[in-house]
Every structure is written in C-alpha cells, then in structure tokens.
Amino acid sequence: GENVEQHPSTLSVQEGDSAVIKCTYSDSASNYFPWYKQELGKRPQLIIDIRSNVGEKKDQRIAVTLNKTAKHFSLHITETQPEDSAVYFCAAVNQAGTALIFGKGTTLSVSS
Amino acid sequence: KAGVTQTPRYLIKTRGQQVTLSCSPISGHRSVSWYQQTPGQGLQFLFEYFSETQRNKGNFPGRFSGRQFSNSRSEMNVSTLELGDSALYLCASGGYTFGSGTRLTVV
C-alpha cells in the first residue's frame, strides 16, 4: 500500500529562519498532497496543499513544492515565528482517492 | 457554516467494554473518514464512508467498525476494548477537514 516518509522528525530553528520539511511517497498514482499543522491538544488543520499537475504553490510565508518524478514533496516556511511551533504532517491521497496516508510528523520549534 | 462536530470529546472506558463515537460532517459533505492518532503510530486511516457506503477500510481488526446515516452523520464503534486502543480518534469531513476528535482512554 501507499507509504509516506517524512523528515526530519524534529526541527529547531531561530525566529526569522526558514524551515524545510521533506516527504516522499510510494504510490505514483497519488495526485493530491496536503500539509497539516497540529498544535498541542488541537485538531490537524490544513495549511496548504498541492495537486500533481502543479510543481509549486505559495501562500504568504508557506510554500510547497512537488517533484513527481522523484515522488517527493516539501514544505517551506520562511521568516518563522514562535506561533509556527507545532507538529506538521504531510499526507498523500491513496490511489482510490478515499484516504489520506500520513507521514509520521515533524515537531517544529521556533525559538525567539 | 458549522464545522465538523465530534462527540464526546473525552471518554474513559474499561478493557473489554465497547464504545461508540459520533461525527457530524460539514453540511453538504457526504464523505466521512475516521483516523486513529497515537504517539507511536501517528495518524492511521480507519475507514471512509460516502453516502452510507463504506468505500475503503484501513488495516485495523474487525473490532473497529463504522456506519453512516442518511444525514451523513457517522459513528464508529470499537468492541472489546484493549489498552492499546487508547488514542485520539479524528474524523474528517469531505476528506480533508478534521474535527477536534474524541480522546479515548482505556483503563
């Protein structure tokens, strides 16, 4: 079945630095890749997504890139702020389009 | 519009008991998916319902079951609870919007 690998598992940066989280997926039929942010005790919230017909998407300080050939996608956060501290999950939709397969998550800590 | 509503928010059960969790999706959404979140295994897909039909099921034992009603509300049931079933159970409406979850503790 589909598998999603996510790295790193933890990431510590200084406020204002950039943060990059990388994921790889196994099912070449996957065509939708959302990213979620989960703060402690809260629900996962969709922060950005990308479809397989697009190579890059940007929303203010957040951007996602997709390399279909290599089957990997990345989340880029620029000018990090303490409120960016959270666990970030990447995901890929399975071939049937009925389930999200998640990476194990990255705990991002932004210190001021 | 209202978000995804999951009830109850917290639940404590004893081993061997059964439990039923509820999820009301966003109005108009016909798909409801369920996920189990644990520190060790992360977010794992349980099953997905669309218009009262289960379209997909994850790799969980038969003790985990679900259903969806004609108003799109969904329930999931876990029978013969085990300590390892302690987790945050999340439902997703329309595939991608999560509710706040039900925190199940099995003692």
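Read on for a plain summary of the structure. (Residues numbered from 1 in each chain as written. Chains lettered and ligands numbered in written order. Predicted model: local features only at pLDDT ≥ 70, side-chain atom pairs only at ≥ 80, totals over all residues. Heavy atoms only, no water.)

### Considerations on the overall build of chain B
Secondary structure assignment for chain B yields 0 helices and 11 strands. Reading the helices (α) and strands (β) of chain B from amino to carboxyl end gives β-β-β-β-β-β-β-β-β-β-β. The globule rule puts the C-alpha radius of gyration for 107 residues at 13 Å, and the 13 Å found for chain B is close to it. Buried residues in chain B amount to 49% of all 107 residues. In chain B, once contacts between residues fewer than 6 apart in sequence are set aside, the share between residues at least 24 apart is 50%. Here chain B contributes 11 positive and 5 negative side-chain charges, whose respective centroids are spaced 5 Å apart. (Helix = DSSP H or I, 4+ residues; strand = E, 2+ residues; numbered from the N terminus. Rg over C-alpha atoms; globule rule 2.2 N^0.38 Å. Buried < 20%, exposed > 50% of the residue type's maximum accessible area, 1.4 Å probe, protein only. Contact = heavy atoms within 4.5 Å. Lys, Arg positive; Asp, Glu negative; His and termini not counted. Charge placed at Lys NZ, Arg CZ, Asp CG, Glu CD.)

### Considerations on unusual backbone geometry
A cis amide bond links His7 of chain A to the next residue, Pro8 of chain A, at an omega of -5 degrees. Assignment of secondary structure puts Pro8 of chain A in the loop between strand 1 (4-7) and strand 2 (10-14). Each neighbour pair has its own omega, and for Thr7 of chain B with Pro8 of chain B the value is -10 degrees, a cis peptide bond. Looking at the secondary structure, you find Pro8 of chain B in the loop between strand 1 (5-7) and strand 2 (10-13). In the Ramachandran plot, Gln60 of chain A falls in the positive-phi region, its phi being about 60 degrees despite a non-glycine side chain. In this structure Gln60 of chain A comes out as exposed when scored by relative accessible area, which is 71%.

### Section: the state of the cysteines
Residue and element names in this part refer to chain B. Going through the model one piece at a time under the given rule, you end up with 2 disulfides over all chains. The side chain of Cys23 participates in a disulfide bridge whose partner is Cys91; the two sulfur atoms lie 1.9 Å from each other. In this structure, the disulfide formed by Cys23 and Cys91 twists by about 65 degrees around the S-S bond and is classed as right-handed. Within this pair, whereas Cys23 is found in strand 3 (residues 19-24), its partner Cys91 is found in strand 9 (residues 87-93), the two being separated by 68 residues in sequence. Under the relative-accessibility criterion, Cys91 is labelled buried at 0%. (Disulfide = S-S within 2.5 Å.)

### What to know about the sheet that holds strand 3 (residues 19-25) of chain A
Within a sheet, neighbouring strands are paired by backbone hydrogen bonds and run either parallel or antiparallel to one another. Residues and elements named next belong to chain A. Strands sit in the order 1-3-8-7-6 across an open sheet of 5 strands; the sheet is antiparallel. Here the strands that pair on one side only, and so sit at the sheet edges, are strand 1 and strand 6 (56-59). Adjacent strand axes in the sheet meet at a mean angle of 15 degrees, parallel and antiparallel pairs treated alike. Here strand 7 (residues 62-67) runs beside strand 8 (residues 72-77); their pairing, made up of 6 bridges, is antiparallel. In the sheet register, Thr65 faces strand 8, and the bridge partner there is Ser74. (Pairing = 2+ DSSP bridges. Axes fitted to C-alpha atoms, helices over the stretch in contact; angles between N-to-C directions.)

### Let's talk about the nonpolar core
Among the nonpolar cores identified, the biggest contains 23 residues, and Trp35, Phe73, Leu75 and Leu108 of chain A are the most heavily contacted of them. Only strand 2, strand 3, strand 4 (32-38), strand 5 (45-51), strand 7, strand 8, strand 9 (86-93) and strand 11 (106-111) of chain A provide two or more residues apiece to this core. Contact partners of Leu75 of chain A, with chain neighbours within four places excluded, come to Ala19, Val20, Ile21, Trp35, Ile47, Ile48, Ile62, Ala63 and Tyr88 of chain A. Trp34, Phe64, Val78 and Ala87 of chain B belong to the second largest nonpolar core, which has 21 residues in total. (Core = buried A, V, L, I, M, F, W, Y, C linked by side-chain atoms within 4.5 Å.)

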